Amino acid sequence: MLAGDSLMCSDLELQPTMDQTDYCSDGGLHVTLTLRLLMHGKEVGSIIGKKGDTIKRMREESSARINVSEGSCPERIITITGSMEAVFKAFTMITGKLEEDLSTSSLSDTTRSKPPVTLRLVIPASQCGSLIGKGGSKIKEIRETTGAQVQVAGDLLPNSTERAVTISGTQDAIIHCIRQICAVILESPPKGATIPYRPTLGPGPVVFSGGQAYTVQGQFAVPHPDLSKLHQLAAQHASYNAVNQSSSSYSGLDNSGQTTSQELLIPNDLIGCIIGRQGSKINEIRQMSGAQIKIDNQVDGSTERLVTITGGALNINLAQYLINAW
């Protein structure tokens, strides 16, 4: 891989910011987009090409910045940044290359029909609600108008607040679909801080100590800067009301403050999203925040469930943020 391919964007910046937006002479907007794709190693190798020739040509012809995350894990992040025109040109070239690879593969196996091109966008979970729409109305509209298949993953990507959005179809359908997704997300910026997904060989548990986040890898605790940043934001900006103080100390690693409890009321129709399949999401929130989280059983006639979060102030604030991200 080329040395210039090692840069990885820290978050998804689909929304225009003050330093990203300016006006054309005809009154239109120039918006800089950053889109992130999750790809497998074989796909990445095809995009980079022999001695980096393919990715170099894509950069030159699209005028977009195209970077590949470093590492030896099976999954990699492709980050594409530039004007709308440049980003969509880059996507057209990437989907074209993947479609070409599929055509070559199908020629060697005449027993199977050529599969559709498939891409996975990485998008903050707080923006996925707008993409899905009320009762799934928006995502249904995107499917019908573009002809592409679009699926938003129910689970967060490991150790992040992002979800994968899978798009399948012809090259034209995918580009049309991405344009519509960008239009939706530009109108709905992410809420709060975003913990970006970083592919690893084997993501270990996340723990907090002294305001610093660490991922446990074997016998070592490796600093996790993005979670540390979110932990600090929670301390600076979030406020909490202690409704029940516990005399016992929380058994987690962040015992810098007194252990307290915070109660939340969550609508019944949202509680499943927070719990996740077989408790996967709530367990991930517990792991990432370091807080204890208890969800009471449903009460007859009630439209809400009581959720009790117990831990230090920072643990509670981080758990609340991760719950509200849904």
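Relevant structure appears above.
Below is a summary of the structure that appears in this document.

1. A closer look at the overall build of the chain
At step 1: When helices and strands are tallied, the chain shows 10 helices and 13 strands.
At step 2: Every one of the 326 residues in the chain was classed for burial, and the buried ones make up 46%.
At step 3: Put simply, of all contacts in the chain between residues at least 6 apart along the chain, 65% involve residues at least 24 apart.
At step 4: Entry remark: accessible area of the chain is about 16,600 Å², with carbon and sulfur atoms responsible for 50%.

2. A few points about the side chain of T34
At step 1: Examined against the element boundaries, T34 turns out to sit in strand β2 (residues 29-40).
At step 2: Owing to a relative accessible area of 2%, T34 belongs among the buried residues under this scheme.
At step 3: Separated by 3.2 Å, the side chains of T34 and T81 make a polar contact.

3. Overview of the pattern of salt bridges
At step 1: Per the stated rule, a full pass over the model turns up four salt bridges.
At step 2: With its nearest N and O atoms 2.9 Å apart, the salt bridge here joins K97 to D101. Linking K97 with D101, this pair stays in helix α3 (residues 84-108), spanning four residues, or about one helical turn.
At step 3: For K97, a relative accessible area of 16% translates into the label buried.

4. Describing unusual backbone geometry
At step 1: The phi dihedral of K51 is positive, around 60 degrees, even though this residue is not glycine.
At step 2: Inspection of the secondary structure assignment puts K51 in the loop between α1 (41-48) and α2 (53-62).
At step 3: Classification of K51 by relative accessible area gives exposed; the value is 75%.
At step 4: A positive phi angle, close to 65 degrees, is found at S63, a residue other than glycine.
At step 5: For S63, the position within the fold is in the loop between α2 and β3 (65-68).

5. Digging into the sheet that holds strand β12 (residues 292-295)
At step 1: Judged by pairing direction, the sheet is antiparallel, and its three strands sit side by side in the order β11-β13-β12 without closing on themselves. The outermost strands of the open sheet, each flanked by one partner alone, are β11 (260-267) and β12. Within this sheet the neighbouring strands show an average axis-to-axis angle of 20 degrees, counted without direction.
At step 2: Pairing between β11 and strand β13 (residues 304-311): eight bridges, direction antiparallel. Across the sheet, residue L264 finds its bridge partner in β13, namely V307.
At step 3: Where helix α8 (residues 268-275) meets the sheet, its contacts fall on β11, β12 and β13, and the angle it forms with β11 comes to roughly 120 degrees.
At step 4: Those strands touched by helix α10 (residues 313-324) are β11, β12 and β13, and its axis lies near 145 degrees from that of β13.

6. Thoughts on the nonpolar core
At step 1: By size, the foremost hydrophobic cluster in this structure holds 45 residues, and its most contacted members are I80, F91 and I181.
At step 2: Judged by nonpolar contacts, the second largest core, of 19 residues, contains I266, I274, M288 and I295.

7. Side note on helix α6 (residues 171-186)
At step 1: Look at α6: 23 Å from first C-alpha to last across 16 residues, which is about the 22 Å you get at 1.5 Å a residue.
At step 2: For α6, the tally of buried residues reaches 12 of 16 residues, placing the bulk of the element in the interior.
At step 3: Residues Q171, A173, I174, I175, C177, I178, Q180, I181, C182, V184, I185 and L186 constitute the buried set of α6.

8. Remarks on α10
At step 1: The end-to-end C-alpha separation of α10 is 16 Å, in line with the 16 Å expected for 12 residues at 1.5 Å each.
At step 2: Burial within α10 is extensive, with 10 of its 12 residues counted as buried.

9. A short note on the side chain of T310
At step 1: Looking at the element boundaries, T310 is found in strand β13.
At step 2: Of the residues examined, T310 reaches a relative accessible area of 14% and is grouped as buried.
At step 3: Reaching out from T310, the side chain makes a polar contact with the side chain of S261 at a distance of 3.0 Å.

10. A closer look at the state of the cysteines
At step 1: Scanning all chains against the criterion turns up zero disulfides.
At step 2: Cysteine C177 is unpaired, with the sulfur of C182 as its nearest cysteine sulfur at 9.6 Å.
At step 3: Taking the relative accessible area as the measure of exposure, C177 reaches 0% and is therefore buried.

11. Focus on the packing of helix α4 (residues 125-132) against helix α5 (residues 137-146)
At step 1: Look at α4 against α5: their axes get within 5 Å of each other, and the N-to-C directions meet at 65 degrees. Judged by the angle between their axes, α4 and α5 are roughly perpendicular. From α4, S130, L131 and I132 reach across to α5, where they touch S137, K138, I139 and I142.
At step 2: Looking at the contact of α4 with α5 residue by residue, the class counts come to four nonpolar, two polar and one charged.

Parameters at a glance
Residues numbered from 1 in each chain as written. Predicted model: local features only at pLDDT ≥ 70, side-chain atom pairs only at ≥ 80, totals over all residues. Heavy atoms only, no water. Helix = DSSP H or I, 4+ residues; strand = E, 2+ residues; numbered from the N terminus. Buried < 20%, exposed > 50% of the residue type's maximum accessible area, 1.4 Å probe, protein only. Contact = heavy atoms within 4.5 Å. Areas by Shrake-Rupley, 256 points an atom, 1.4 Å probe, with all protein chains shown as cover. Polar contact = N/O pair within 3.5 Å; in protein donor to acceptor, adjacent residues only side chain to side chain. Salt bridge = Lys/Arg side-chain N within 4 Å of Asp/Glu carboxyl O. Pairing = 2+ DSSP bridges. Axes fitted to C-alpha atoms, helices over the stretch in contact; angles between N-to-C directions. Core = buried A, V, L, I, M, F, W, Y, C linked by side-chain atoms within 4.5 Å. Expected span 1.5 Å × (residues − 1). Disulfide = S-S within 2.5 Å. Parallel < 35°, antiparallel > 145°, perpendicular 65-115°, else oblique. Nonpolar A, V, L, I, M, F, W, Y, C, P; charged D, E, K, R; others polar.

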